Amino acid sequence: MNSLNQALNPSLDIALKVAISLLLIYAAVIDLKKREVPYVTGIGILLFGAFSLFWTQHWILGVFYLAAVMGSRGGVWGLVMTGIALTTLAVPGLMADAYPFILAIFFIIMMFRFGVFGQGDAVLAYGLLAIAYNDGLWMPLAMLGSSVLGSIPLFWKRSPKEIWERTKHILSNFGKIEEDEEAVKFPWAVIAAIMGLVYLWLARAGDIL
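Residues numbered from 1 in each chain as written. Predicted model: local features only at pLDDT ≥ 70, side-chain atom pairs only at ≥ 80, totals over all residues. Heavy atoms only, no water.

1. Observations regarding helix 5 (residues 94–113)
Part 1 of the argument: Here helix 5 contains 20 residues, and its C-alpha end-to-end distance of 25 Å is more than 12% below the 28 Å for a straight helix at 1.5 Å per residue.
Part 2 of the argument: In the structure, helix 5 departs most strongly from a straight axis at proline 100, where the bend amounts to approximately 60 degrees.
Part 3 of the argument: For helix 5, the complete set of buried residues consists of Leu94, Ala98, Pro100, Phe101, Ile102, Ala104, Ile105, Ile108, Ile109, Met111 and Phe112. (Helix = DSSP H or I, 4+ residues; strand = E, 2+ residues; numbered from the N terminus. Expected span 1.5 Å × (residues − 1). Bend = angle between axes of the 7 residues up to and from the residue. Buried < 20%, exposed > 50% of the residue type's maximum accessible area, 1.4 Å probe, protein only.)

2. Considering the packing of helix 6 (residues 119–131) against helix 10 (residues 188–203)
Part 1 of the argument: For the pair helix 6 and helix 10, the least separation of the axes is 10 Å and the interaxial angle reads 15 degrees. When the interaxial angle is binned, helix 6 and helix 10 end up roughly parallel. Read as a crossing pair, helix 6 and helix 10 show a hand that is left-handed. Listed contacts from helix 10 to Asp121, Leu124, Ala125, Leu128 and Ile131 of helix 6 are Trp188, Ala189, Ala192, Gly196 and Tyr199.
Part 2 of the argument: Tallied by class, the residues present in the contact of helix 6 with helix 10 amount to 8 nonpolar, 1 polar and 1 charged. (Axes fitted to C-alpha atoms, helices over the stretch in contact; angles between N-to-C directions. Parallel < 35°, antiparallel > 145°, perpendicular 65-115°, else oblique. Left-handed = near helix turned anticlockwise from the far one by under 90°. Contact = heavy atoms within 4.5 Å. Nonpolar A, V, L, I, M, F, W, Y, C, P; charged D, E, K, R; others polar.)

So, in structure tokens, the structure goes:
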């Protein structure tokens, strides 16, 4: 029985990594073609992220994660979920131990609410953050790096005055990408897929669960 369990664990680990990888690749391909992230890929990775937090017994953090994600949708139910998410932060030591993850979640929520990230992009980001939680700063820094890359068009071949005018224009039109004649609808799911694949197969410390 022990030898069977030892044989199953690596197989299950590989199977989960392959499944997540296929979801990421599918999301990237569809995003390139249609500029949208398939519902099944985002939800699949989001739920696996929640499962991984609970599997590793980060119970309160798992509740925060799910409540914060649901709260990001807005509305009355969103307010209730946001209240639950904020309440979990009062648990002693949680913020000190998990602050990169928590701040990254709030960053993604802000990008989603302002329309910088689409819903599919945000869901992928939430899931990847949860999956990579045990490796600390890896995924938050990777996502910050992708945000920096996204700012390159702001500075490319512009004078300081032009950069300032462009920045004011962006800030005054947050969430109105269709009305921005200079906006580039970048397929962020492609970046998410690259980050996720590199993490899963090269940077992950130990098994996926």
